[in-house]
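As a plain string of letters, each chain reads:
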Amino acid sequence: MTVAAEASMMNPVHLFMAADWVVKSVMIGLVVASVWSWTVIIDKAARFIALNRQADAFEASIGSGRSLEEVAAQAGPEPAHALPRMLVLALQDWRETRSRGPLTDTQGSLLMARIDRALDALIAREGQRIEEGLGVLSVVATASPFIGLFGTVWGIMNAFGRIAAAGNTNLTTVAPAIAEALFATAIGLAAAIPAYIAYNKFSIDAGKFTGRLESFADDLQAAVARRLGSTAATPVTPPPAPSTASSYRRSI
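Worth saying up front: this structure is predicted, and the values here are computed from it rather than measured. (Residues numbered from 1 in each chain as written. Predicted model: local features only at pLDDT ≥ 70, side-chain atom pairs only at ≥ 80, totals over all residues. Heavy atoms only, no water.)

1. Description of the nonpolar core
For step 1, the next point in the chain: Core analysis: the biggest nonpolar cluster contains 41 residues, and Met86, Leu87 and Leu137 have the highest contact counts within it.
For step 2, the next point in the chain: Secondary-structure elements contributing two or more residues to this core are α3 (21-62), α4 (68-75), α5 (82-98), α6 (105-130), α7 (134-166) and α8 (171-233).
For step 3, the next point in the chain: Among the elements that line this core, the one with the most residues is α8, at 12 residues.
For step 4, the next point in the chain: Every residue in contact with Leu137, bar those within four places of it in the chain, is listed here: Ser37, Val40, Ile41, Ala195, Ala198, Tyr199 and Phe202.
For step 5, the next point in the chain: Counting 10 residues, the second largest nonpolar core, distinct from the first, contains Ala19, Val23, Leu30 and Ala179. (Core = buried A, V, L, I, M, F, W, Y, C linked by side-chain atoms within 4.5 Å. Buried < 20%, exposed > 50% of the residue type's maximum accessible area, 1.4 Å probe, protein only. Helix = DSSP H or I, 4+ residues; strand = E, 2+ residues; numbered from the N terminus. Contact = heavy atoms within 4.5 Å.)

Right under this line is the structure:
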């Protein structure tokens, strides 16, 4: 085999241009899938960095000793991050219930159940939102090697066709077709490996962030329960008993 032939076999552009139209279609599809997966990877990486940074800042403000009302007021009525949104939601239910007067044990239990359901729904929605795009990575990671293998099998079939047409088994006759076929497999692996690694990493990150939300929800419900306990423990001052003289005058 000549040096020029060896160089052309290592040139991706030459391998693509010399490939069969089926193998070309496979290569183009795999490149598109790879670009798509890398777009998702970059987007998810930036989102997780921003989410964790905002969560760290919010938890630092909670641990600074300020009241929950002050932290919620600083976050605004409709915060974008899930943690301050959970705080605003819980305090809103607390204020609405307290505005109706003193709470009985039944009303306190209903308040805790309502806050628990609202926080669970918010966590579920947030979990779905942060997992968007992971399905793309899963599909690319699992399907790309098989699609590349299909291109390889098709290319090897072309190689056998060239052998039959040439009437000899000279390596120079079949090497280009085999190289084109193996190049399709290489593209499939290049698309699948980063998608597979990113899918597993982001799945772990999503689970950790969801656990972070659940932990904050537990702490928030514990804070509301403490407020309910302190409210229920406040003694109610009975009205002063009427004196004997005043009772006597009213009875006259």
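2. Brief notes about empty space enclosed by the protein
With a probe scaled to a water molecule rolled over the atoms, the places where space remains empty come into view.
For step 1, the next point in the chain: Inspection of every chain in the model, using the stated rule, returns one cavity of 30 Å³ or more.
For step 2, the next point in the chain: By volume, the largest cavity is sized at about 40 Å³.
For step 3, the next point in the chain: For the largest cavity, the full set of lining residues is Lys44, Arg47, Phe48, Leu51, Arg129 and Ile130.
For step 4, the next point in the chain: Sorting the residues of the lining of the largest cavity by element identifies α3 and α6 as the ones contributing at least two each.
For step 5, the next point in the chain: When residues of the lining of the largest cavity are assigned to their parent elements, the largest contribution, four residues, is made by α3. (1 Å grid on protein atoms, 1.4 Å probe; cavity = no way out; pocket = protein on both sides within 12 Å on 5 of 7 lines; lining within 4 Å. Points joined across faces, edges and corners; volume = space filled by probe spheres on them.)

3. Observations regarding the packing of aromatic side chains
For step 1, the next point in the chain: Within the structure shown, the criterion is met by three aromatic pairs.
For step 2, the next point in the chain: Taking the centre distance of 5.8 Å and the plane angle of 20 degrees together, the rings of Phe48 and Phe202 count as stacked. With Phe48 in helix α3 and Phe202 in helix α8, this residue pair connects regions lying 154 residues apart in the sequence. Neither Phe48 nor Phe202 differs from the other in exposure class; each is buried. (Phe/Tyr/Trp six-rings, centres within 6.5 Å; stacked < 30°, edge-to-face > 60°.)

4. Details of the confidence of the model for the protein
For step 1, the next point in the chain: Averaged over every residue, the pLDDT of the protein is 81; the share at 70 or more is 82%.
For step 2, the next point in the chain: In the model, residues 1-5 has pLDDT below 50 throughout and makes five contacts with residues more than four positions away in sequence or in other chains.
For step 3, the next point in the chain: With pLDDT under 50 throughout, residues 233-252 is counted as low confidence; its partners more than four residues away or in other chains account for two contacts. (pLDDT = per-residue confidence, 0-100.)

5. Re the environment of Gln107
For step 1, the next point in the chain: Within the fold, Gln107 resides in helix α6.
For step 2, the next point in the chain: Given the relative accessible area of 37%, Gln107 is considered partly exposed.
For step 3, the next point in the chain: Put simply, Gln107 and Thr97 are 10 residues apart on the chain and 8.3 Å apart in space, counted from C-alpha to C-alpha.

6. Side note on the pattern of salt bridges
For step 1, the next point in the chain: Per the stated rule, a full pass over the model turns up eight salt bridges.
For step 2, the next point in the chain: With its nearest N and O atoms 2.6 Å apart, the salt bridge here joins Glu69 to Arg227. With a gap of 158 residues between them, Glu69 in helix α4 and Arg227 in helix α8 connect regions that are remote in the sequence.
For step 3, the next point in the chain: For Glu69, a relative accessible area of 31% corresponds to the partly exposed category.
For step 4, the next point in the chain: Arg227 gets classed as partly exposed once you look at its relative accessible area, which sits at 23%. (Salt bridge = Lys/Arg side-chain N within 4 Å of Asp/Glu carboxyl O.)

7. So, the environment of Phe58
For step 1, the next point in the chain: The residue Phe58 is located in helix α3 in this model.
For step 2, the next point in the chain: Ignoring sequence-local partners within four residues, the contact set of Phe58 consists of Val71, Leu83, Pro84, Leu87 and Phe216.

8. A look at the side chain of Thr210
For step 1, the next point in the chain: Of note, Thr210 is situated in helix α8.
For step 2, the next point in the chain: Apart from the residues within four sequence positions on either side, Thr210 is in contact with Ile123, Gly127 and Ile130.

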